[in-house]
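# Per-entry structural report
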Amino acid sequence: MSNQTERDILGELLFREFQAYAAALTEHGEEWAHAWPSATWPPDSPLAALQGRFAVAREAAAAIGVEPSDSEITEEHQVRLEYQALFPDGLPTLIG
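Remember, it's a predicted structure, so these values are computed and weren't measured experimentally.

Across its full length, the chain holds 4 helices and 0 strands. Listed by position from the N terminus, the elements making up the chain come as α-α-α-α. Sorting the 96 residues of the chain into buried and exposed places 27% on the buried side. The contacts of the chain with a sequence gap of at least 6 include a subset with a gap of at least 24, amounting to 58%. Only carbon and sulfur atoms are counted for the fraction: they give 57% of the accessible area of the chain, which is about 6,600 Å².

Attention shifts here to a nonpolar patch on the surface. Taken together, the side chains of Tyr83, Leu86, Phe87 and Leu91 present a nonpolar region at the surface, about 430 Å² in accessible area. Residue classification places Leu91 among the exposed positions, given a relative accessible area of 63%.

Turning to the environment of Leu94, a few remarks are in order. Locating Leu94 in the fold gives a position in the segment after α4 (70-86). Judged by its relative accessible area of 85%, Leu94 falls in the exposed class. In sequence terms Leu94 and Glu75 are 19 residues apart; their C-alpha atoms lie 29 Å from each other.

What follows is about the side chain of Glu17. Tracing the chain through its elements places Glu17 in helix α1 (residues 4-27). For Glu17, a relative accessible area of 8% gives the class buried. Not counting the four nearest positions on each side in its chain, Glu17 is found in contact with Arg53, Phe54 and Ala57.

On to the packing of α1 against α4, then. Axis angle and axis distance: for two packed helices, these are the angle between their axes and the distance between the axes, and together they describe the pair. It is the contact of α1 with α4, at a shortest axis distance of 11 Å, that shows an interaxial angle of 75 degrees. With respect to α4, the axis of α1 lies roughly perpendicular. In this structure, α1 uses Glu12, Phe15, Phe18, Gln19 and Ala22 to contact α4, whose residues at the interface are Ile73, Glu76, His77, Arg80 and Gln84. For the contact of α1 with α4, the residue count by class is 4 nonpolar, 3 polar and 3 charged.

A few words on the nonpolar core. If you look at the biggest cluster of nonpolar residues, it comprises 18 residues, and the most contacted ones within it are Phe18, Tyr21, Leu25, Trp32, Trp36, Phe54 and Ile73. Secondary-structure elements contributing two or more residues to this core are α1, α2 (32-35) and α3 (46-63). At 8 residues, α1 tops the list of elements feeding residues into this core.

This part is about the environment of Gln4. As for its placement among the helices and strands, Gln4 is situated in helix α1. Along the sequence, Gln4 and Ile64 sit 60 residues apart, while their C-alpha atoms lie 9.7 Å from each other. A distance of 3.1 Å separates polar atoms of two side chains, one belonging to Gln4 and the other to Arg7.

The rules behind each value
- Residues numbered from 1 in each chain as written.
- Predicted model: local features only at pLDDT ≥ 70, side-chain atom pairs only at ≥ 80, totals over all residues.
- Heavy atoms only, no water.
- Helix = DSSP H or I, 4+ residues; strand = E, 2+ residues; numbered from the N terminus.
- Buried < 20%, exposed > 50% of the residue type's maximum accessible area, 1.4 Å probe, protein only.
- Contact = heavy atoms within 4.5 Å.
- Areas by Shrake-Rupley, 256 points an atom, 1.4 Å probe, with all protein chains shown as cover.
- Patch = residues over 30% accessible without salt bridge, like charges linked within 9 Å, V, L, I, M, F, W, Y side chains within 5 Å.
- Salt bridge = Lys/Arg side-chain N within 4 Å of Asp/Glu carboxyl O.
- Axes fitted to C-alpha atoms, helices over the stretch in contact; angles between N-to-C directions.
- Parallel < 35°, antiparallel > 145°, perpendicular 65-115°, else oblique.
- Nonpolar A, V, L, I, M, F, W, Y, C, P; charged D, E, K, R; others polar.
- Core = buried A, V, L, I, M, F, W, Y, C linked by side-chain atoms within 4.5 Å.
- Polar contact = N/O pair within 3.5 Å; in protein donor to acceptor, adjacent residues only side chain to side chain.

Right, dumping it as structure tokens:
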């Protein structure tokens, strides 16, 4: 049985890998929200490698009970993009 810390770590890893994959899709002119769940890439493509890394992270997270649906992953990434737009220089910090 996993603990909350493990679920948090693997959940964050899942979304970090997804963020890298979605960013690469955007850089390659793909609409990430539509391409990521169904796209297939040539085996030697950087997109295939990122897709594979995300798939492994998703399997690892699922093994300990972190199993977001495709729509939940898409929603979470959209929220993270909106948050990054609000704070382009990183998280705000308190002084003092």
